[in-house]
Amino acid sequence: MSDVPYKNIDVAGEKSSDVVWHEASVLTEQRITANGHQPIVLWYTGLSGSGKSTVANAVDKMLFDLGCKTYVLDGDNVRHGLNGDLSFTDVDRIENIRRIGEVAKLFVDAGLIVSTAFISPFLADRQMVRDLLPSGVFVEVFIDTPIEVCESRDPKGLYKKARSGEIKNFTGIDSAYDVPLSPEVHVKTALASIEGCASQVVDYLVEKGIVAR
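Residues numbered from 1 in each chain as written. Predicted model: local features only at pLDDT ≥ 70, side-chain atom pairs only at ≥ 80, totals over all residues. Heavy atoms only, no water.

K.L.:
A description of the environment of K105 should follow, citing residues and the corresponding values.
P.N.:
In this fold, K105 is placed in helix α5 (residues 90–109). Relative accessible area serves as the criterion here: at 37%, K105 is assigned to the partly exposed category. Placed 61 residues apart in sequence, K105 and Y44 show a C-alpha to C-alpha distance of 15 Å. Each residue touching K105, except ones within four places of it in the same chain, is listed here: L132 and L133. (Helix = DSSP H or I, 4+ residues; strand = E, 2+ residues; numbered from the N terminus. Buried < 20%, exposed > 50% of the residue type's maximum accessible area, 1.4 Å probe, protein only. Contact = heavy atoms within 4.5 Å.)

K.L.:
Quick one: what's the story with the sheet that holds strand β2 (residues 70–74), residue by residue and with numbers?
P.N.:
Each strand in a sheet pairs with another by means of backbone hydrogen bonds, the pair being arranged parallel or else antiparallel. Strand order across the open sheet formed by 5 strands is β2-β3-β1-β4-β5, with parallel pairing between neighbours. Both outer strands of the open sheet, β2 and β5 (185–187), are each paired with one neighbouring strand and no more. Within this sheet the neighbouring strands show an average axis-to-axis angle of 20°, counted without direction. When β2 meets strand β3 (residues 113–117), the two strands line up parallel, connected through 5 bridges. Paired with Y71 across the strands is V114, a residue of β3. (Pairing = 2+ DSSP bridges. Axes fitted to C-alpha atoms, helices over the stretch in contact; angles between N-to-C directions.)

K.L.:
Go over the pattern of salt bridges, please, and point to the residues and values.
P.N.:
Per the counting criterion, the structure on display carries 8 salt bridges. The partner of R130 in a salt bridge is E184, and the shortest N-O contact between them spans 2.9 Å. Of this pair, R130 sits in helix α6 (residues 123–132) while E184 sits in the loop between α8 (158–164) and β5, and the two are 54 residues apart along the sequence. You can call E184 partly exposed: its relative accessible area is 27%. (Salt bridge = Lys/Arg side-chain N within 4 Å of Asp/Glu carboxyl O.)

K.L.:
Residues and numbers for helix α9 (residues 194–207), please.
P.N.:
Its 14 residues place the ends of α9 20 Å apart at the C-alpha level, agreeing with the 20 Å of an ideal helix rising 1.5 Å per residue. Turning to α9, its buried residues number three or more, namely C197, A198, V201, V202, Y204 and L205. Taken end-on, α9 shows its buried residues confined to a sector of 150°, consistent with a single buried face. Turned more than 90 degrees away from the buried face of α9, the exposed residues are E195 and E207. The inward-facing, buried residues of α9 contact β1 (40–45), α3 (52–65), β4 (138–143) and β5. Positive phi appears at G209, one or two residues downstream of α9, with a value of about 75°. (Expected span 1.5 Å × (residues − 1). Arc of directions from axis to C-beta.)

K.L.:
Account for the nonpolar core, with residues named and values stated.
P.N.:
The biggest cluster of nonpolar side chains holds 25 residues, and the ones touching the most others in it are L42, Y44, V59, L63, V141 and V201. Per-element tally for this core: the top contributor is α9, with 6 residues. With residues near it in sequence (within four places) discarded, L42 still touches V59, L63, I113, V114, S115, T116, V139, V141, V201 and L205. In this structure, W43, V78, F107 and F118 belong to the second largest nonpolar core, which totals 16 residues. (Core = buried A, V, L, I, M, F, W, Y, C linked by side-chain atoms within 4.5 Å.)

K.L.:
Lay out the packing of aromatic side chains in plain terms, naming residues and giving numbers.
P.N.:
Within this structure, the stated rule accounts for 5 aromatic pairs. On the numbers, 4.9 Å between centres and 80° between planes, the contact of Y159 with F170 is edge-to-face. Of this pair, Y159 sits in helix α8 while F170 sits in the loop between α8 and β5, and the two are 11 residues apart along the sequence. For Y159, a relative accessible area of 1% puts it in the buried group. Residue F170 is classed as buried on the basis of its relative accessible area of 8%. One aromatic cluster is present, formed by W43, F118 and F138 through successive ring pairs. (Phe/Tyr/Trp six-rings, centres within 6.5 Å; stacked < 30°, edge-to-face > 60°.)

K.L.:
Any chance you could break down the packing of α3 against α9 for me, citing the residues and the numbers?
P.N.:
It is the contact of α3 with α9, at a shortest axis distance of 9 Å, that shows an interaxial angle of 55°. With respect to α9, the element α3 is oriented oblique. Crossing handedness for the pair α3 and α9: right-handed. When α3 is examined against α9, the residues T54, V55, A58, V59, M62 and L63 are found in contact with a partner set consisting of I194, E195, C197, A198, S199, V201, V202 and L205. Within the contact of α3 with α9, the residues separate by chemical class into 11 nonpolar, 2 polar and 1 charged. (Parallel < 35°, antiparallel > 145°, perpendicular 65-115°, else oblique. Left-handed = near helix turned anticlockwise from the far one by under 90°. Nonpolar A, V, L, I, M, F, W, Y, C, P; charged D, E, K, R; others polar.)

On their own, these measurements won't tell you what the molecule is for.
Shown next as structure tokens:
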């Protein structure tokens, strides 16, 4: 695991004493019953260009067609708004994932299946989100694509810019990526079609009884 610069923040000490969690009138269990499936976080992690967003959206469509209540939190989309104030330094990457973890937790409370497509390069960050959630709710989906394949795709031209020095702190080039040690789902996009990769994720959810076909 890479050595990452975590902020030493006493979160509890910074919170106002006037902030109290408000209990909802509709319980999570009632939402789960209404939705007809368990809430889950599908946490897609992998290098830029690995296919995270593509697979996540293909899975989302399959689950939607099965009648599941779902949503995809995409890394680029979130940085247009909620995380628009963050850069790509290690410290800001950590904060990026912390915020997304908290948002994903709210989606779980709503009884939804939420997919998150973020590089999320650090093991400690992914573990932090896993620890936020009830046991079994965090499903790590490792989109395992060799950097050579990612670079050959380079849909946004980012690798070219990173190689030339135009972009700093680029994962896989001059910023570390901690490979998942034991992901729940291990997807290799260089060896299967998008539909095949998506089916692998959905098959896992069916096998675990989270959704039904």
